[in-house]
Amino acid sequence: MGPLGWLLDAQVSLAGSPVLVREIVGNVFGLAAAMFGLRRVVWAWPVGMIGNALLFTVFLGGAFATPQAHDLYGQAGRQVFFFGLGLYGWWRWSRHRRRGGDGTAAAVEPRWATGRERLGLLTAAVVGTAVSYPVLAALGSWGPLPDAWILTGSLLATYGMARGYVDFWLIWIAVDLVGLPLLLRGGFYPSAVMYLVYGAFCVWGLAAWWRTSRAARTDLAPIPSSYAEAVA
């Protein structure tokens, strides 16, 4: 058995239940991508895409033999969308980094979304969940309503990350709050543990990006005319 065959078939026992090694490895790549994202490093995107490919095979158990009894089509589908958004984010962050001149600049400058952008995100969240729910239910996805929000929220969070919105951390927290109990009930224990870790990580990321956005606003604030005259 080669390395690829081992990765596809290997299992370990966790709390008496079989767990795929590729689920663990895929989530490790996901966590690494989140850490790169926190530091605004372009590698967040290609690393995350590797994790997406692995986790796609985990949640689509009907096509890829998995020990879990449930198929989460929303979870599987979002890996496909993640991969596509990863290409967009990779392109956008790389372009911003090149504009820094020497290639050492951060790949994105965090900022809060505007009122119009937040309204667009909220509208997309409602419409996306409403459209995804009947589709996932018809496919026989387990827990179609929470799965629909996880799918929609994850895509919006990834898009927000690519755009540099500080708000994307809040969307991820909302996704984690719904995803954790769903994955626990479905027996996807490594992914459930990672959702718990992601939740804490998102709080940290939110604070870090918030501080950076505040510092950027301070740096860009205009100098009062009285002070400018005094030092002229």
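Here, every reference points to the structure presented above.
Residues numbered from 1 in each chain as written. Predicted model: local features only at pLDDT ≥ 70, side-chain atom pairs only at ≥ 80, totals over all residues. Heavy atoms only, no water.

1. Focus: the overall build of the protein chain
Then step 1. Within the protein chain one finds nine helices and two strands.
Then step 2. Reading the helices (α) and strands (β) of the protein chain from amino to carboxyl end gives α-β-β-α-α-α-α-α-α-α-α.
Then step 3. The buried share of the protein chain, taken over its 232 residues, is 44%.
Then step 4. For the protein chain, the proportion of contacts with a sequence separation of at least 24, taken over those separated by at least 6, is 68%.
Then step 5. Total accessible area on the protein chain is roughly 12000 Å²; 69% of this is exposed by carbon and sulfur atoms. (Helix = DSSP H or I, 4+ residues; strand = E, 2+ residues; numbered from the N terminus. Buried < 20%, exposed > 50% of the residue type's maximum accessible area, 1.4 Å probe, protein only. Contact = heavy atoms within 4.5 Å. Areas by Shrake-Rupley, 256 points an atom, 1.4 Å probe, with all protein chains shown as cover.)

2. Looking at unusual backbone geometry
Then step 1. The phi dihedral of Arg40 is positive, around 60 degrees, even though this residue is not glycine.
Then step 2. With respect to the secondary-structure elements, Arg40 resides in the loop between α2 (21-38) and α3 (44-59).

3. A word on the side chain of Thr57
Then step 1. Summarising the element assignment, Thr57 is placed in helix α3.
Then step 2. A distance of 2.7 Å separates the side chain of Thr57 from the side chain of Arg22, its partner in a polar contact. (Polar contact = N/O pair within 3.5 Å; in protein donor to acceptor, adjacent residues only side chain to side chain.)

4. Describing the packing of helix α6 (residues 144-163) against helix α7 (residues 168-186)
Two quantities define a packed helix pair, namely the angle between the helix axes and the distance between the axes.
Then step 1. Remark: α6 packs on α7, axes separated minimally by 9 Å, with the N-to-C direction vectors making an angle of 155 degrees. When the axes of α6 and α7 are compared, the pair comes out roughly antiparallel. As α6 runs across α7, the sense of the crossing is left-handed. Contact with α6, carried on its side by Pro146, Asp147, Trp149, Ile150, Gly153, Ser154, Leu156, Ala157, Thr158, Gly160 and Met161, involves Phe168, Ile171, Trp172, Ala174, Val175, Val178, Gly179 and Leu182 of α7 and no other residues of that element.
Then step 2. Partitioning the contact of α6 with α7 into residue classes produces 13 nonpolar, five polar and one charged. (Axes fitted to C-alpha atoms, helices over the stretch in contact; angles between N-to-C directions. Parallel < 35°, antiparallel > 145°, perpendicular 65-115°, else oblique. Left-handed = near helix turned anticlockwise from the far one by under 90°. Nonpolar A, V, L, I, M, F, W, Y, C, P; charged D, E, K, R; others polar.)

5. Description of the pattern of salt bridges
Then step 1. One pass over the structure, following the stated rule, counts three salt bridges.
Then step 2. Of the charged contacts, one joins Arg111 and Glu117 as a salt bridge, the two residues approaching to 2.9 Å between their closest N and O atoms.
Then step 3. Residue Arg111 is classed as partly exposed on the basis of its relative accessible area, which comes to 32%.
Then step 4. Close ionic contact of Asp167 with Arg118 constitutes a salt bridge, the shortest N to O distance being 2.9 Å. Here Asp167, found in the loop between α6 and α7, pairs with Arg118, found in helix α5 (residues 115-139); they are 49 residues apart in sequence, far enough to count as distant. (Salt bridge = Lys/Arg side-chain N within 4 Å of Asp/Glu carboxyl O.)

6. Description of the packing of aromatic side chains
Then step 1. Counting across every chain of the model gives 12 aromatic pairs.
Then step 2. Centre to centre, the rings of Phe168 and Trp169 are 4.4 Å apart; their planes meet at 35 degrees, and the pair counts as tilted.
Then step 3. When its relative accessible area of 3% is taken as the criterion, Trp169 is described as buried.
Then step 4. Aromatic side chains Trp169 and Phe201 sit 6.2 Å apart centroid to centroid with 55 degrees between the ring planes, which places their arrangement in the tilted category. (Phe/Tyr/Trp six-rings, centres within 6.5 Å; stacked < 30°, edge-to-face > 60°.)

7. What to know about the nonpolar core
Then step 1. Counting 45 residues, the largest nonpolar core has Trp93, Trp169, Trp172 and Trp209 as its most contacted members.
Then step 2. Those elements that provide at least two residues to this core are α2, α3, α4 (73-99), α5, α6, α7 and α8 (189-220).
Then step 3. Broken down by element, the residue count for this core peaks at nine residues, all from α8. (Core = buried A, V, L, I, M, F, W, Y, C linked by side-chain atoms within 4.5 Å.)

8. Observations regarding the packing of α5 against α6
Then step 1. Two numbers describe how α5 lies on α6: the axes approach to 8 Å, and their chain directions differ by 140 degrees. Taken together, α5 and α6 sit at an angle that is classed as oblique. For the element pair α5 and α6, the recorded crossing hand is right-handed. Touching Leu121, Ala124, Ala125, Gly128, Thr129, Ser132, Tyr133, Leu136 and Ala137 of α5 are Pro144, Leu145, Asp147, Ala148, Trp149, Leu151, Thr152, Leu156 and Tyr159, all from α6.
Then step 2. A per-class count over the contact of α5 with α6 returns 13 nonpolar, four polar and one charged.

9. Some details on α7
Then step 1. Helix length check: α7, at 19 residues, gives a terminal C-alpha distance of 26 Å against a target of 27 Å (1.5 Å per residue), a fit within 8%.
Then step 2. When the local axis directions of α7 are compared, the greatest deviation, roughly 30 degrees, occurs at Gly179, which is followed within four positions by the proline Pro181.
Then step 3. Along α7, the residues that are buried comprise Phe168, Trp169, Ile171, Trp172, Val175, Asp176, Gly179, Leu182, Leu183 and Gly186.
Then step 4. Where α7 terminates, the next one or two residues include Gly187, which has phi positive at roughly 85 degrees. (Expected span 1.5 Å × (residues − 1). Bend = angle between axes of the 7 residues up to and from the residue.)

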